[in-house]
Structure formats: structure tokens, C-alpha cells
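As a plain string of letters, each chain reads:
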Amino acid sequence: MSARALFVREWRLAFAGGGGPAGPAAFNLAALALAPLAIGPDTATLAAAGPGVITFAALLASLQGAERMFGDDAGDGTLELYALSGLSLSMAALVKALAFTLAVFWPAPLLAALGGLAYGLTLEAALVLAAGIALAAPGLVFIAAFAGALAAGLRRAGLLIALIAAPLQAPLLVFAAGAARSAMDGTDLAGPNLMLALAASLIAGVLAPLGAGAALRARLD
Amino acid sequence: MDQTSRPPALPDARLEARALRLERGGKMLVRDLSLSLTPGQALVLTGPNGAGKTTLLRALAGLLRPAGGEVVLTPGPAGWLGHSEGLKPGERVSEMLAFWAALSGAGPDAIEAASRAMALGHLARRPCGALSAGQKRRAGLARLALSGRAVWLMDEPAAPLDAAGRERLARLVAGHRARGGIVAAATHADLGWPDVERLDLGLEAAA
């Protein structure tokens, strides 16, 4: 009941104050558009680099909202109110991350599919890549949220968030990109890679909110 | 507000601190503080800047762990009005109140009563970011009023309020106390509330 109310509010706030999915999607697109300029025009190289570059762009985009996810709450007194709301802070972190995934980060798989085609991946590989990003997206956001909670209210939180989150997100990067590479190479490892991406997301979904809740609790003290 | 629309009386509220010791940044702020408030009582905390008023309120709310002693606050959790009101600039006042009402299980009549008590009617559709400091305070007070919490902890509740706002605040607090609620407020200004307990943390520190 109260978790649902919080989800609805966070969803609403993502559009009312944060511009919805526009920020991370624009960042994601810019990264996808710029990388080929650096990689060069060779189509084979571009296609080979595609899964990695596209997944990496999604990873960077997932960090875009992390600073504000809890930084705003810590700054404007909302954190105290959530702590005293009867909802546990871990639950609040879980709900906020889910709302962020669905309200803000949803274009990532779409961009991955379009980017895959533009980079010269086969349709099948592009769709597998999109599936990989879709399965990895919640995990990417959960880990970004954990880093955001640790850095909430600190100066240069953005730098800290990238340093904390990026290594933890590495497995998701490996599995999502690995699935698309397997599909491209015709090995039958695409399925297992997708399963591993999902598993990593689920593990992050359990551990990251607990860690975020503890970090927020410590922030109040 | 007529008597029939009033929320029911609050259950046995109690706010107690026993031998409370609080430190902040290695400095002892409160030493062996004991207090006990029963339904209908109000405590006004005074003292110079940095005396530990906010720290004491946070410890009473359970937001920070005291260095020693214990706090009893029933029924918890406390109703909280902090230094900033926890408003989101992009959210309308009515949406904000509806959210907190949903979170505490309050109905539409509680929202209605709280926004009437704080004169928010004409501001309901305004985004919270477009409110003045005093209006924000009133929005925060309305959120507190509809929370249904028995023990209210307020940090400088009157600071940005004009005379009419202070009058409304005093009425809100009087109504809460009349229903058996407990209020503890830190303040610099004279709140003009009748019949309150007082605690001066400056004197406490000097003693």
C-alpha cells in the first residue's frame, strides 16, 4: 500500500521535476553517435565493437540519474520523512530504483536495438543485445542507486558514484554484450549470457537496496 | 472546523528521555537529559545556535543514535517537521498532500481539514517550488497535521511564518494537544503557546 504510493510518487516526480527519460536517453544517444567517429568507418570493426560500445553507453547512461536519486532527498528533508514513514529505507530504495528503471531508463533496450542495427549487427544480434540490455537494466540501476545512496549529499558525488558503481556493474556489462557477441558469432552462448545478465540483475535487486538502506540510515546519523 | 469533523482522540502518547547524552562532531551537546511528556503537553526547546536543539529533536525522533541513555516515543514513529519541509519543486501542493495522506492512511477529509487549517486552498494547484518560504512552511505543517501521528517534533516551526501563519500554527498545536497529542518544538522566536514546558539547552550546557 505505502510502497505503491511511493512508486506512484517517484514515477510522477521523474516526469515533473526530472524530464522523464530525456536526460539519460540523450546521453545514451550521444555516446552511440560519437563512438563510431572515434572507431573509424570500417564496417567490420564497427560491427565487432558494437555490442561492447552500446552496452557501455547504456551503463554510463544508468549513472546519469544516480546523483539526484537520493541526493535531492538528502538535501530537501525528504530522507527524514521517508525514514519516519514506517517504510524501511531499503524498501524505499528498492521502490525508487524500480520507478527509475521503468520511468526513466526504459528507452535503453530500444536504443540498443536501433544502435545495434546502425552499427551493422544482424537483426538477430541487435534483438539479443536489446534483450540483454533489458535484463541488465534493473541491475544497472540498482547498483547506480546503491552508489547514489552512499554518495548522497556529498560534494563531487558524481565522481564517487562512477567509481563505486562502475566496477560493480561490470558483470552486467560482460553478460549483456556477451549475449550479442554470441549471437553474432553463431555460438550458442547467447541464452546462457542472457540468463546470467538476469541473475546478476536479481542479485543486485536484493543486495543493492539493502546496502542503499544502510547507507541512507548512516547518512541520517 | 466543527467538532464532528475532528479526528478521533489519540491513543496514550508518551515522549520520554532518560539520561540522554548527545555528541556532535566530538562535542558534548547534551548531558544526562531526562524529560517526560504526557498527552496534551508541549515542550519548547530554546538555546543559542549550536546548542543542540536540532540534534536533540533528531535523537527524540530516532533519526540518530544517542551516545548514551534512551528515548521512548509511543506510538511511533514521530511526526516530523524538520529544518526543510521535504517538498519537491515539481510537485503540486495537492499531489504532495495526497501522497503523504496515502502513506499514512488518511482520507480526503483529513487533507481537506489540514489544508483549511493552514490556508492552502488557493495554493493547492501551485507547484511546491513556486511557494514562498512561509507558504512552504504551511505546506509542511499541513503534511504533519494529516499524518495522524501522536508526537510532533518541530524544528523552528514558526521561523518563516507571518503573524497570521503563527496564529494558525498556534491553533494547530493547541488542537493537537487537546486531542491528547504531544508537541516538542525548537525555536528562537517566542511561539506564544500557552502552558508549555520549557527547556533551555544553553543553560543546560552552562550548568
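Residues numbered from 1 in each chain as written. Chains lettered and ligands numbered in written order. Predicted model: local features only at pLDDT ≥ 70, side-chain atom pairs only at ≥ 80, totals over all residues.

I'm lost on the overall build of chain B in this one. Help?
The secondary structure content of chain B amounts to six helices and eight strands. Along chain B, from the amino end to the carboxyl end, the secondary structure elements read β-β-β-α-β-β-α-α-α-β-α-β-β-α. The C-alpha radius of gyration of chain B comes to 17 Å, within 12% of the 17 Å expected for a compact globule of 207 residues. The C-alpha extent of chain B, read off along each of the three principal axes, is 50 × 35 × 30 Å. The long-range share in chain B, meaning contacts at least 24 apart out of those at least 6 apart in sequence, stands at 75%. (Helix = DSSP H or I, 4+ residues; strand = E, 2+ residues; numbered from the N terminus. Rg over C-alpha atoms; globule rule 2.2 N^0.38 Å. Contact = placed C-beta atoms within 7 Å.)

When you look at the sheet that holds strand S3 (residues 42–46) of chain B in this model, what are you seeing that I'm missing?
Within a sheet, each strand pairs with its neighbour through backbone hydrogen bonds, oriented either parallel or antiparallel. Residue and element names in this part refer to chain B. Taken together, the five strands give an open sheet; going across it, the order is S5-S6-S7-S3-S8, and neighbouring strands pair in parallel fashion. On the outer flanks of this sheet lie strand S5 (79–81) and strand S8 (197–200), each paired with one strand and no other. On average, each strand axis in the sheet is inclined to that of its neighbour by 15°, with strand direction left out of account. Where S3 and strand S7 (residues 182–186) come together, four bridges link them in parallel fashion. Looking at the pairing, leucine 45 lines up with alanine 186 of S7. Across the sheet, helix H5 (residues 163–178) touches S3, strand S6 (151–155) and S7, and the angle it forms with S7 is around 145°. (Pairing = 2+ DSSP bridges. Axes fitted to C-alpha atoms, helices over the stretch in contact; angles between N-to-C directions.)

Is there a simple way to think about unusual backbone geometry in this case?
Glycine aside, residues mostly have negative phi, and peptide bonds are mostly found in the trans state. The step from threonine 74 of chain B to proline 75 of chain B runs through a cis peptide bond, and the omega angle for that step is -15°. Within the secondary structure, proline 75 of chain B sits in the loop between strand S4 (68–74) and S5. In this model, glycine 76 of chain B is joined to proline 77 of chain B through a cis peptide bond whose omega is -10°. Within the element layout of this structure, proline 77 of chain B appears in the loop between S4 and S5. Phi at arginine 156 of chain A takes a positive value of approximately 55°, unusual for a residue other than glycine. Considering the arrangement of structural elements, one finds arginine 156 of chain A in the loop between helix H8 (123–151) and helix H9 (157–185). Residue classification places arginine 156 of chain A among the exposed residues on the basis of 9 C-beta atoms within 10 Å. (Buried ≥ 20, exposed ≤ 12 C-beta atoms within 10 Å, placed from the backbone.)

Hey, could you run me through the domain arrangement of chain B in this one?
As a measure of interface size, the accessible area lost when the parts come together is often cited. All names here are of chain B. Along its sequence, chain B is organised into domain 1 (10–78 + 150–207) and domain 2 (87–148). Computed from C-alpha atoms alone, the centre-to-centre distance between domain 1 and domain 2 is 23 Å. If you look at the interface, domain 1 gives nine residues, while domain 2 gives ten residues. If one sorts the elements of the side of domain 1 that touches domain 2 by residue count, H5 sits on top with four residues. (Domains from an automatic or database assignment.)

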